[in-house]
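# Remarks on the overall topology
Chain by chain, the residues run as shown.
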Amino acid sequence: MSCRFRVLGDSLAAGVGCSRPEETLGERLAAVLRSAGHRVDLGVHAVSGARSSGLDAQVRAAVRTGVDVALVVIGANDLTSFTPPAVGAGLLHDAVLGLRRAGGQVVVATAPDLGVVSHVPPAYRAFVSQASSLYARVQADAVVRAGGVVAAAGPDLFDRFATDPTLFSADRFHPSPAGYALIADALAPSVLAAAGKK
C-alpha cells in the first residue's frame, strides 16, 4: 500500500529542536506507517513560525505532489500572535477542506498547552493554559466540520511536558528529541487509522 504522507504546519511539524531528521514527527510517523506495511512517500511542507494564515500555501504545495494522508500541526504561533480563535479556526477549516477535496485523509494536532512552557511566569500559567484549551476546542470544531480528525494529544501529554524538563530542547520552548518521540506516539494511532482508510 503506497501512502503519500504530507506534514504541514509550524515549527513542531518542521522539527525545530531535533538534531537529526529521523527525530522529527514526519520521519517518526513515516517509520510507524512503514512498519504497518505502507510504502511511504514523505513530504514536509511545514514552515517554522507558521500561523494558520500560512496554511493555504502549504496546502497548495502538498496537493501539487498528491496527498493520501496529511498531518497538520498548528496553533502555537496563532496563540503567541493573538490571532482570534475564530479567525485561526476558519483558516484551518479551509486548509483541511482543501486537503480533503484533494483526496487526503487529514489528522490535525491542535494548539498545544503553552502554559507548560517555562518562559511563562507561574502567575500566568493557568490563564495561558485556559486560552490554549479554548483555542484548541475552536480549532477542533472547525477540523471536524471540514471532514478531518483531531489527534488525541491532550492533557495527559501536556502534563508530561509540564513535569519533565528533558522533553524540551535547549530553547525551553520546542520539544527535544525525547519530546518529539512522545508526541509521535500520541499521534501515531490517528495517523495509522487515517492511512487505513485509503
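Above this text you will find the structure in question.
Reference entry: report on the structure contained in this document. The model shown is predicted, which means the values in this text are computed figures rather than measured ones.

### Thoughts on the environment of V7
Here V7 lies in strand β1 (residues 2–9). Remark: the alpha-carbon pair of V7 and L42, spanning 35 residues in sequence, is separated by 7.8 Å. Dropping the residues within four chain positions of it, V7 is found in contact with A13, G26, L42, G43, V44, H45, A46 and L71.

### Considerations on the nonpolar core
Across soluble globular proteins, you tend to see nonpolar side chains buried next to one another. By size, the foremost hydrophobic cluster in this structure holds 42 residues, and its most contacted members are F5, L29, L71, F161 and L187. Of all the elements, helix α8 (residues 177–196) adds the most residues to this core, at ten residues. In this structure, L55, I74, L92 and A146 belong to the second largest nonpolar core, which totals 16 residues.

### Digging into the pattern of salt bridges
Under the defined criterion, the tally for this structure stands at five salt bridges. For R20, the salt bridge identified is with E22, shortest N-O distance 2.8 Å. Judged by relative accessible area, which is 45%, E22 ranks as partly exposed. R20 is paired through a salt bridge with E23; the nearest N and O atoms lie 3.4 Å apart. What makes R20 partly exposed here is its relative accessible area of 44%.

### Considerations on the side chain of D68
Note on placement: D68 falls in the loop between α3 (55–65) and β3 (69–73). The class of D68 is buried, set by a relative accessible area of 10%. Polar side-chain contacts of D68 include one of 2.7 Å to the backbone nitrogen of R4.

### What to know about unusual backbone geometry
One non-glycine residue, F82, lies in the positive phi region at around 60°. As for its placement among the helices and strands, F82 is situated in the loop between α4 (76–80) and α5 (85–101). Look at F82 and you get exposed, because its relative accessible area is 74%. Positive phi values are uncommon outside glycine, yet R172 reaches one of about 60°. Residue placement: R172 occurs in the loop between α7 (155–163) and α8.

### So, the packing of helix α2 (residues 25–35) against α8
Two elements in contact, α2 and α8, have axes whose closest approach is 8 Å; the angle formed by their N-to-C orientations is 45°. Taken together, α2 and α8 sit at an angle that is classed as oblique. As for the relative orientation of α2 and α8, their crossing is right-handed in sense. Judged by residue contacts, L25, R28, L29, V32 and L33 of α2 engage P177, Y180, A181, I183, A184, L187, A188, V191, L192 and A195 from α8. Its residues placed into classes, the contact of α2 with α8 shows 14 nonpolar, no polar and one charged.

### Describing the sheet that holds strand β2 (residues 39–44)
Reading across the sheet, the five strands line up as β2-β1-β3-β4-β5 and stay open at both edges, with parallel pairing between neighbours. In this open sheet, the two strands that pair with only one neighbour each are β2 and β5 (149–150). Sheet topology places β1 next to β3; five bridges connect them, and they run parallel. Opposite R6, over in β3, you have A70 as the bridge partner. Most of the contacts of α5 go to strand β4 (residues 105–109), to which it runs at about 155°, and overall it touches β1, β3 and β4. Across the face of the sheet, α8 comes into contact with β1, β3 and β4 while running at roughly 170° to β4.

Procedures and definitions
- Residues numbered from 1 in each chain as written.
- Predicted model: local features only at pLDDT ≥ 70, side-chain atom pairs only at ≥ 80, totals over all residues.
- Heavy atoms only, no water.
- Helix = DSSP H or I, 4+ residues; strand = E, 2+ residues; numbered from the N terminus.
- Contact = heavy atoms within 4.5 Å.
- Core = buried A, V, L, I, M, F, W, Y, C linked by side-chain atoms within 4.5 Å.
- Buried < 20%, exposed > 50% of the residue type's maximum accessible area, 1.4 Å probe, protein only.
- Salt bridge = Lys/Arg side-chain N within 4 Å of Asp/Glu carboxyl O.
- Polar contact = N/O pair within 3.5 Å; in protein donor to acceptor, adjacent residues only side chain to side chain.
- Axes fitted to C-alpha atoms, helices over the stretch in contact; angles between N-to-C directions.
- Parallel < 35°, antiparallel > 145°, perpendicular 65-115°, else oblique.
- Left-handed = near helix turned anticlockwise from the far one by under 90°.
- Nonpolar A, V, L, I, M, F, W, Y, C, P; charged D, E, K, R; others polar.
- Pairing = 2+ DSSP bridges.

Distances and angles like these do not, on their own, reveal function.
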